[in-house]
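A closer look at the structure
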Amino acid sequence: MEAGGSREREARNYLEKHQIMELLKYLTSVLLFIRPEKPREYLIAILEKLRIAKATGVAFPFFMDHSNIAAMFDMMDSSKKGTISFVQYKEALKTLGLCTADEVLKDDGHAITLDKFKSEVNKRTQEICGRTKGKGSGSCQTAAEQPRLH
């Protein structure tokens with residue numbers, strides 16, 4: 001039985017080391033949000049851009065621009081008040097692959113505005129970039145800097 005546990009542990013360590021689960025969650029989130037006509041080709045294009053970014057040291061490509069983020073916010077703001085709830089905010093971050101299910105976010109009791117939502121998405125994108133490119137590289141594009149991939 002120990003051999004099975006050891007193989008599971010090795011597999012888990014491999015997935016964590018190479019951030020495979022984060023990548024798959026991110027790819028799935030982007031795919032479901034954009035819903036391209038040819039999903040396989042779209043995923044291949046994303047992975048190719050990631051490969052090139054890693055090989056050349058250029059900015060980490062972020063596949064959602066401000067209009068996508070604003071559209072997501074608008075879908076959650078069904079009452080058109082200009083704010084969303086903290087629960088909606090956390091779910092959106094999870095959907096984008098920018099927050100884990102067990103991550104504890106501080107609810108300050110205030111509704112979340114579009115500006116705060118955009119700011120948090122950009123901040124968390126920078127954090128992901130720092131983990132994937134190495135600390136202090138400064139090489140990452142936020143939603144404000146990256147055009148939408150077609």
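Residues numbered from 1 in each chain as written. Predicted model: local features only at pLDDT ≥ 70, side-chain atom pairs only at ≥ 80, totals over all residues. Heavy atoms only, no water.

The protein is annotated in an unreviewed UniProt entry as EF-hand calcium binding domain 10 of Equus asinus.

1. As for helix α2 (residues 20-34)
The periodicity of an α-helix, 3.6 residues per turn, causes residues three or four places apart in sequence to face the same way. End to end, α2 covers 21 Å across 15 residues, agreeing with the expected 21 Å (1.5 Å per residue, within 8%). Within α2, the full set of buried residues consists of Tyr26, Leu27, Ser29, Val30 and Ile34. Buried residues of α2, viewed axially, fall in a sector of 160°; they line one side. (Helix = DSSP H or I, 4+ residues; strand = E, 2+ residues; numbered from the N terminus. Expected span 1.5 Å × (residues − 1). Buried < 20%, exposed > 50% of the residue type's maximum accessible area, 1.4 Å probe, protein only. Arc of directions from axis to C-beta.)

2. Digging into the side chain of Arg124
Mapped onto the fold, Arg124 is located in helix α6 (residues 114-133). With a relative accessible area of 7%, Arg124 lands in the buried category. Looking at Arg124, its side chain comes within polar contact range of the side chain of Glu120, at 2.7 Å. Non-local contacts of Arg124, meaning those with residues more than four positions away in its chain, are made with Leu93, Leu98, Cys99, Glu103 and Leu105. (Polar contact = N/O pair within 3.5 Å; in protein donor to acceptor, adjacent residues only side chain to side chain. Contact = heavy atoms within 4.5 Å.)

3. Some thoughts on the environment of Met72
Tracing the sequence through the fold places Met72 in helix α4 (residues 66-76). C-alpha separation for the pair Met72 and Phe33, spaced 39 residues apart in sequence, amounts to 8.4 Å. Residues within four places of Met72 in sequence aside, it is in contact with Phe33, Ala92, Thr95, Leu96 and Phe117.

4. Focus: the pattern of salt bridges
Evaluated as defined, the whole model comprises four salt bridges. Put simply, Lys123 and Glu120 hold a salt bridge, and the shortest N to O gap is 3.5 Å. Of this pair, Lys123 and Glu120 both sit in helix α6, separated by three residues, roughly a single helical turn. The class of Lys123 is partly exposed, set by a relative accessible area of 43%. (Salt bridge = Lys/Arg side-chain N within 4 Å of Asp/Glu carboxyl O.)

5. Topic: the packing of aromatic side chains
Summed over all chains, the structure comprises three aromatic pairs. When the centroid spacing of 6.0 Å and the interplanar angle of 40° are considered together, the rings of Phe73 and Phe117 count as tilted. A residue pair is termed long-range when its members are at least 10 positions apart, and Phe73 in helix α4 and Phe117 in helix α6 qualify at 44 residues. The class of Phe73 is buried, set by a relative accessible area of 2%. On the accessibility criterion, Phe117 (0% relative accessible area) is buried. On the numbers, 6.4 Å between centres and 70° between planes, the contact of Tyr89 with Phe117 is edge-to-face. One end of the pair, Tyr89, is in helix α5 (residues 86-95); the other, Phe117, is in helix α6, and 28 residues separate them in sequence. (Phe/Tyr/Trp six-rings, centres within 6.5 Å; stacked < 30°, edge-to-face > 60°.)

6. Some words on the nonpolar core
In this structure, Tyr89, Leu93, Phe117 and Val121 are the most contacted members of the largest nonpolar core, which totals 16 residues. Mapped onto this core, the elements with two or more residues apiece are α4, α5 and α6. Residues contacting Leu93, with those up to four places away along its chain left out, are Leu98, Cys99, Leu105, Phe117, Glu120, Val121 and Arg124. With seven residues, the next largest nonpolar core counts Val30, Tyr42, Ile46 and Leu50 among its residues. (Core = buried A, V, L, I, M, F, W, Y, C linked by side-chain atoms within 4.5 Å.)

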